[in-house]
Amino acid sequence: MDATSDPLPDRPAPDNPQGKLVLLRHGETEWSREGRHTGLSDIPLTAHGEDLARQAGELVRGYDFGLVLTSPLQRSRRTAELAGLDAQVDPLLIEWDYGGYEGRTSSDIRAELGYNWTAFTHGVIRGRTPGETVEEVAARASRVLTRVLPAMVEGDVALVAHGHFLRILTAVFLREAPRFGARITLDAGSVSVLGFYREQPAILAWNHGPQLPLRPSES
C-alpha cells in the first residue's frame, strides 16, 4: 500500500495514551508447526490452531476494545473470529514478504548457505514475490501505529496478525531499532500487551498462552 492510499493523520501521535495495545498472533498452521517461513501464503489454521484462537479469546475477554484490526490472511481473520473479536481488515498487517525463502525452514536455508542465517540478520531474497527488508516491514508497522495510538486515547486496541510482523511492530512501538524484534519471540495463538508505564512505551505482558513455552518458537 502506498502513501497516497494510506495518508498520514492530520495530527501527530498523542502523548502517553492510556489504552492497551493487545497483540494476538494467529493460531497454529501446518507451516508454523513445521517452522516454515509463512509470509504471503494463505495457509489455514489447524484444528489445534483453532483451539488456541479460542483460548486467546478467553485471555482478552476483559479488555474494552474500541478498535480491532486484522491481517487480511485467513489465519489471522479466522483467529479473530474464533477469539470473539469483530475485526476490520488492515492490509498493512500482512506478514513479512519472505520472497525466495517463503515456505522454507531456517535449517534448510542454513544448510544451503553454510552459515547461521536469520531473516533479521541477513535478510531475504527475491522469489515469486519481491521480498521485504526489515526496514520495509518496520515502515508498515509505523503506519499501523499512526492509526493505533490515537485510538488508544479512547480505549484498548487489538491487532491480530503474524509473528515476525508483530515482533517488528513491538520494536517500533518501544522506539527500538527494528532488529530488536529478533530478541523477542511469539508463539502461535499467544497474547501480548503493550502500553505506557510512567510515560514510556513498555511491554506489560508477553507471549501468554494456555501454557508457558518450553522452547523458542521456530517461526
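Now for a look at the structure at hand. Every chain begins its residue count from 1, and numbering advances along the sequence as written. Per-residue local features of the predicted model are confined to residues with pLDDT of at least 70, and side-chain atom pairs are confined, for both listing and counting, to 80 or more; whole-chain, interface and lining totals are unaffected and use all residues. The side-chain quantities take in all heavy atoms of the structure and omit both hydrogens and water.

**Examining the overall build of the chain**
Going along the chain from the N terminus, every DSSP run of H or I of four or more residues is numbered as a helix, and every run of E of two or more is numbered as a strand. Scanning the chain for helices and strands turns up 7 helices and 6 strands. Counting from the amino terminus, the chain carries its helices and strands in the arrangement β-α-α-β-α-β-α-α-α-β-α-β-β. In terms of overall size, the chain behaves like a compact globule, its C-alpha atoms giving a radius of gyration of 16 Å where 219 residues would be expected to give roughly 17 Å. Seen along its three principal axes, the alpha-carbon backbone of the chain occupies a region of about 50 × 35 × 30 Å. Per-residue accessibility, obtained with a 1.4 Å probe over protein chains only, is compared with the maximum for each type, and a residue is labelled buried under 20%, exposed over 50%, and partly exposed between these values. For the chain, buried positions account for 48% of its 219 residues. Contacts between residues were defined by any pair of non-hydrogen atoms, one from each residue, lying within 4.5 Å. In the chain, of all internal contacts separated by at least 6 residues, the share reaching a separation of at least 24 is 70%. A total accessible area of about 11,000 Å² is found for the chain, and carbon and sulfur atoms account for 48% of it. Just so you know, the count uses Lys and Arg for positive and Asp and Glu for negative, and it drops His and the chain ends. A single reference atom marks each charge: NZ on Lys, CZ on Arg, CG on Asp, CD on Glu. Charge-centre separation for the chain: the mean point of 23 positive side chains lies 3 Å from the mean point of 29 negative side chains. Computation of the radius of gyration draws on C-alpha atoms, with the globule rule given as 2.2 Å multiplied by the number of residues to the power 0.38. To measure how exposed things are, a 1.4 Å probe is used in the Shrake-Rupley method; for residues, cover is taken only from the protein chains shown.

**A short note on the packing of aromatic side chains**
Ring geometry is summarised as follows: Phe, Tyr and Trp rings, the Trp one being its six-membered ring, pair when their centres sit within 6.5 Å, and such pairs are stacked at plane angles under 30 degrees, edge-to-face over 60 and tilted between the two. Overall, the coordinates contain 5 aromatic pairs when judged by the stated rule. Centre to centre, the rings of Tyr 101 and Trp 117 are 5.0 Å apart; their planes meet at 70°, and the pair counts as edge-to-face. Here Trp 117 lies in the loop between α4 (106–113) and α5 (119–122) and Tyr 101 lies in the loop between β3 (88–89) and α4, a separation of 16 residues in the sequence. Using a relative accessible area of 4% as the deciding quantity, one classes Tyr 101 as buried. Summarising the aromatic geometry, the rings of Phe 173 and Phe 196 are spaced 5.4 Å apart at their centres and angled 65° between planes, so their arrangement reads as edge-to-face. Here Phe 173 is found in helix α7 (residues 163–173), whereas its partner Phe 196 is found in strand β5 (residues 191–197), with 23 residues between them in sequence. Grouping residues by exposure puts Phe 173 and Phe 196 together as buried. Following the ring pairs from residue to residue traces out a cluster consisting of Trp 96, Tyr 98 and Phe 120.

**Structural notes on the pairing of strand β4 (residues 156–161)**
Across the 6 residues that make up β4, a large majority, 6, are buried. Strand pairing is assigned whenever DSSP detects at least two bridges linking the two strands. In terms of strand pairing, strand β1 (residues 21–25) meets β4 through 5 bridges, oriented parallel. Bridge pairing in β4 links Leu 23 to Leu 159. Across 5 bridges, the pairing between strand β2 (residues 65–70) and β4 is parallel. Following the sheet pairing, Thr 70 is matched in β4 by Val 160.

**Some words on the pairing of β2**
In terms of strand pairing, β2 meets β3 through 2 bridges, oriented parallel. From the neighbouring strand, Leu 69 faces β3, where its bridge partner is Gln 88. If you view a crossover with the strands going away from you and the path from the first strand over the helix to the second runs clockwise, you call it right-handed. Handedness of the β-α-β unit built from β2, helix α3 (residues 74–82) and β3 comes out right-handed.

**Digging into the packing of helix α6 (residues 134–154) against α7**
Axis lines are fitted to C-alpha atoms, over the contacting stretch for helices. Their N-to-C directions set the angle, which ranges from 0 to 180 degrees. Two elements in contact, α6 and α7, have axes whose closest approach is 8 Å; the angle formed by their N-to-C orientations is 65°. If you check the angle between α6 and α7, you find them roughly perpendicular. Classified by chirality, the crossing of α7 by α6 is right-handed. Taking contact as the criterion, the partners of Val 134, Val 137, Ala 138, Arg 140, Ala 141, Ser 142, Val 144, Leu 145, Leu 149 and Met 152 in α6 are, on α7, Phe 165, Ile 168, Leu 169, Val 172 and Phe 173. Classification used: nonpolar for Ala, Val, Leu, Ile, Met, Phe, Trp, Tyr, Cys and Pro, charged for Asp, Glu, Lys and Arg, polar for all others including Gly. Among the residues making up the contact of α6 with α7, the classes are represented as 13 nonpolar, 1 polar and 1 charged. What sets the label is the angle itself: under 35 degrees gives roughly parallel, over 145 gives roughly antiparallel, 65 to 115 gives roughly perpendicular, and the rest give oblique. Two helices crossing with the near one rotated counterclockwise from the far one by less than a right angle form a left-handed crossing, whereas a clockwise rotation gives a right-handed crossing.

**Some details on the packing of helix α2 (residues 47–59) against α3**
Remark: α2 packs on α3, axes separated minimally by 7 Å, with the N-to-C direction vectors making an angle of 50°. Between α2 and α3, the angle falls in the class oblique. You can see that α2 and α3 cross each other, and the crossing is right-handed. Residue-level contacts link Glu 50, Ala 53 and Arg 54 of α2 to Arg 78, Thr 79 and Leu 82 of α3. Residue composition of the contact of α2 with α3, by class: 2 nonpolar, 1 polar and 3 charged.

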